[in-house]
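Here is how the chains run, residue by residue.
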Amino acid sequence: MDENAYPGTIPEDLERSCAEEAIHLSGTVQPYGFLMVVDSATDRIIQVSSGILRHWPQLQDASALIDMPLADWVDSLDDSEPVTVRPLPVALATVLAWRPRFERTCPVPTPPAATRWECLARSSGNRVVLEWLPLAADTVGLRRQTRIFASFTKLVARLRRADRLDEFFGECAQAVQNFSEFDRVMIYRFLPDESGEVVAEQTSASCEQQFLGLRFPATDIPAQARALYLLNTLRVIADVDAPMDTLVPELLPDGSVLDQSHCLLRGTSSVHLTYLRNMGVRATLTLSIIFDGKLWGLIACHHMQTRVPPLRVREGLRQMCELVAEVANLRFDALCQLAAIDQRLTRDRLLNEVHQALLKGDDLVFVLNEKLPALLHAFDATSLGMRIGKLVYVGGEGARSGSLQEIMEEVALRLQDRERSPRTLMWDDLLIPPGDRALHCLPEAAGLLLAQRYDDAVIFCFVTRKELVEQVRWAGEPRKTTSRLPDGRIRLEPRRSFAEWQQSVQGRCAPWQPVDVEGLKTLLQIVSEVHKLQVNRGLHAKLYWRAHHDQLTGLYNRRAMEDEVARRLDDGDFNAALILLDLDNFKKINDTYGHETGDGVLQQFSQRLKAVIRDFDLLARLGGDEFMLLLQVPSPCPFTALTLAERLHKAVERPFVMNGQQLRIGISVGIAIPPAHGRTVGELLRRADLALYQAKSRGRSCSVVFEMAMELDQLDVYRLERDLDDAIERDELVLVYQPKIDLATRRVVGLEALLRWNHPTRGQNTPSVFIPVAERTDQIVRIDRWVMHSAIAEQAKWRAEGILLPVAINLSMADILSPKLVEYLRELLAQYQVPAAAIEVEVTESCIMRELERTQRVLLALNELGISTTLDDFGTGFSSLSYLRQLPMQCLKIDQSFVKSMLDDPNSEKLTQAILAMGVALKMRIVAEGVETRDQMAWLVAHGCHIGQGYFFSPPVPPADLRDVVERIEVALSGWV
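Computed from a predicted model, the values in this text were never measured in an experiment. The written sequence of each chain sets the order in which its residues are numbered from 1. It should be noted that, the model being predicted, local features are given only for residues of pLDDT at least 70 and side-chain atom pairs only at 80 or more, the latter also being counted only at that level, while totals for whole chains, interfaces and linings use all residues. Each side-chain value is worked out from all heavy atoms of the structure, with water and hydrogens disregarded.

Peer 1: Account for the sheet that holds strand 18 (residues 423-427), with residues named and values stated.
Peer 2: In this scheme, strands are said to pair when DSSP sees at least two bridges between them. In this text, helices come from DSSP runs of H or I with a minimum length of four residues, and strands from runs of E with a minimum of two, each type numbered from the N-terminal end. What the 5 strands build is an open sheet, ordered 17-16-20-19-18; its pairing is antiparallel. Edge positions in the sheet fall to strand 17 (391-396) and strand 18, since each of these pairs with one other strand and no more. Strand-to-strand twist of the sheet, defined as the mean angle between neighbouring strand axes without regard to direction, takes the value 10°. One ladder, built from 10 bridges, connects strand 19 (residues 445-455) with strand 20 (residues 457-466); its direction is antiparallel. Its bridge partner lying in strand 20, Tyr-454 is registered against Val-458. Two residues form a contact once any of their heavy atoms are found within 4.5 Å. Working convention: axes come from line fits to C-alpha atoms, limited for helices to the stretch in contact. Angles between N-to-C directions cover 0 to 180 degrees. Here helix 8 (residues 364-378) sits on the sheet and contacts strand 16 (383-388) and strand 17; the angle it forms with strand 17, its principal contact strand, is near 35°. Here helix 9 (residues 404-412) sits on the sheet and contacts strand 16, strand 17, strand 19 and strand 20; the angle it forms with strand 17, its principal contact strand, is near 95°.

Peer 1: Now, about the pairing of strand 39 (residues 925-929): what can you tell me, with residues and values included?
Peer 2: Exposure classes here rest on a 1.4 Å probe applied to the protein chains alone. A residue is buried below 20% of its type maximum, exposed above 50%, and partly exposed in between. Of all 5 residues in strand 39, 4 are buried, a share of seventy percent or more. As paired elements, strand 38 (residues 891-894) and strand 39 share 4 bridges and run parallel to each other. Paired with Ile-894 across the bridge in strand 39 is Ala-928. Of the pairings in the sheet, the one linking strand 39 to strand 40 (residues 947-949) comprises 3 bridges and is parallel in character. Bridge pairing in strand 40 places Val-927 opposite Ile-947. Note on handedness: a clockwise path from strand one over the helix to strand two, with the strands aimed away from the viewer, defines a right-handed crossover. In this fold, strand 39 hands off to helix 26 (residues 934-942), which returns the chain to strand 40; that crossover is right-handed.

Peer 1: Go over unusual backbone geometry, please, and point to the residues and values.
Peer 2: Val-248 connects to Pro-249 through a cis peptide bond whose omega is -10°. Between Pro-674 and Pro-675 the backbone carries a cis peptide bond, its omega angle lying at -5°. Tracing the chain through its elements places Pro-675 in the loop between strand 30 (667-672) and helix 15 (681-697). Even without glycine at this site, Asn-659 takes up a positive phi of about 55°. Structurally, Asn-659 can be placed in the loop between strand 28 (656-658) and strand 29 (661-663). Here Asn-659 falls in the exposed class, since its relative accessible area comes to 68%.

Peer 1: Which residues make up the packing of aromatic side chains, and what values go with them?
Peer 2: The rule is short: rings of Phe, Tyr and Trp, with Trp giving its six-membered ring, pair when the centres are within 6.5 Å, and they are stacked under 30 degrees, edge-to-face over 60, tilted in between. Following the criterion strictly, the structure yields 13 aromatic pairs and no others. When the centroid spacing of 4.8 Å and the interplanar angle of 75° are considered together, the rings of Tyr-737 and Trp-798 count as edge-to-face. Of this pair, Tyr-737 sits in strand 32 (residues 733-742) while Trp-798 is found in helix 18 (residues 780-800), placing the two residues 61 residues apart along the sequence. Each member of the pair Tyr-737 and Trp-798 is classed as buried. When the NZ atom of lysine or the CZ atom of arginine is within 6 Å of a ring's centre and also within 35 degrees of its normal, the charge is said to sit over that ring. The ring of Phe-656 has Arg-608 lying over it, and the distance from NZ or CZ to the ring centre is 3.9 Å. Looking at Arg-785, its charged tip hangs above the ring of Tyr-824, at a distance of 4.7 Å from the centre.

Printed below as a string of structure tokens:
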């Protein structure tokens, strides 16, 4: 024997072999009875126990019964019933009225007259197992047991109303001890860790209580034994010291070992017999207590002398055990339910309070912190945490060693992410060595209860419990020792002492209960629903805000402003002035410094306006750089409104500082005063807009109050828009062409197509009259396409007549950025068989700077097609030299304002010289437009300008006059020096 082998030092294969021992295939039989196995098909005996020789008078050889008819060796006590096996139950033995035919070997019966035999029969596959047990006839004992059993039945009826399980089990144990007359009766229950605890103990006068309240390790009753105890609910060992009988033959005819799972005479392993001897036990009777198909515990009856309980006792005890299990189950459930109901009601009240507080509060974290102490107390927890959408929370007194995010990530690793249905996971042994299951971020947590559910993503809530240090009283130190068998094999030996041994159990927390699981799932549902409600509420508020406010400045938008102004007007509140204003030349800021700078200016401007107005005034951004105010005025009149508007002008006197640059901006203001200028929002807005238009027409940076005459001017604009819409269909648009002259050769080298509108009543209109209207009404692209089509068609006619002059076409920004421009030009050139080099495209500097990158891409595509591009009106925009260098331009056109003033203004002259030098340096052709005098031409020739264009050479002419005009120009310039 190795006395120093402690837990952890025993080889794992040895422990595993003991745990997997097939105890139901023992191949042995207890010696106080004997066993026969009969083939169901032939009624012949195929196996017996060797101990039959001990009980069968003068029988010399057990194998003499093998393959013999059963009827030769067994007789019926009822002459009318033949001795033949039939299908029988497997689990529950059937008592047959049969007797052994001892007279077969002994004509004169030798067994004592007081002894008779009972036959217990049960099926085992295609065989029937007959177990023969001696039965002593004790009339006095039978009457006594009948009285005890009757009293026990009454006791059970009374105990059905018991309030405490410990009293119930104590009285049950007393009743079993009285009935069985065993020296010690214990009721033993299995714990969640599969160890056991004695919950009741009753002894005879000759024994002392020894095991009440003590625990037995799980290895005392290994898993295969517990599984067997579910099948074989009553086990008897009549004599612990008696050697076991073997089976003859050892194997059944099919070569298998007899399954003795349900046999009362099943032999017991030597290890278990040693275990009982170490306890001082000579005989045992053990009954299973089964709840809901699970082994809840045992009733263990121990006797210090050999003992064979008769059938009456065994069956009585079996019925007692069933009654105990039934009543204990009912009372256990009832008492547990009462406790759980009380706990659940208390927790439900708390969760309802939490729910109401969360619904009333705006800050979930604040409410959770407020209710945290009560929640931790309800769950007996040290920390509470949850991750629900963007809500991440951990609170409690438990120690932490990581950030909030690290805690959540560690807990989330234990989730079952693929599970969509609500689930609850629990651990109560996180700190048990080696501690590899511990939460590193919550190092004091011995237990974790984790509830999860799926709501667009996995959300979860958890509570932790601290370690519960428990003093456990064991029935002997649960140490393992080994011994060597005669054949050299090593086996485990049970402990020798069952004296009380105390152990400090650490690493676990108090076990989680169903009420804890339900409570945490409810808490998760409550918080997730409130969180979703707040998210929806917040989203609704955000959507409402976005629907009524400008995203950039936070001011009212047009819709909200119009609704609020309409409400005030409907209430008859006319003591107000409606003001429209926009920033002067704001577009140049966007074009020059970019939209980000422009947005910053709008934000600063809105802050300045809010600082000027009062709380009851209304302010909105209508779009772009246009703003609207409704100022409350006690006695509205033009003078008062203009005085208030002056405060707005003063608000923008200080420069706006953006990225270290100072930008000075003015505002134009249009004012309408109700009810004289209108009683509805629409009327006031329209008339304030007319006043704003007038303010811009007067040079900007001023305020104008609406006057009725302005509507007449606006009516004229509306009519112009209407007529322009039909101008193409009525064939009122025409192109005229102005020659471009090479200043070195004095020859015409190109033409510029210029648009005119021959209005039936207004006469001929230049583009400056109707192009702004076309751009405002989105007709400009349609007009540009007409210009391209007409110019290319005209170019095809000229080329057929031998006039090979390229034509320059002016395109608006809208057409440059319109889809499929390049494709449209390609199709036109192909349609009229005009080479791409015969067409030039002119784009103004301001257009290019408005959308620089997109314009670059379009111009590059035109160059790749073969169409040259020209930068028109250079010098009037905001382009820098770095931008000019990057542009895919072949020609640069000096704005006519420089040419007109260069001989009179030294600054204009220097600027023009600089533009010429820059163009030459960039290897671009330079065109000077607006040449009207000989002196201007002479200056341009002297300073190296390539091409001139203007009325000095020719005004724009119809295409029919072009040939004559070209000849006249070249003749006139041929003699010019």
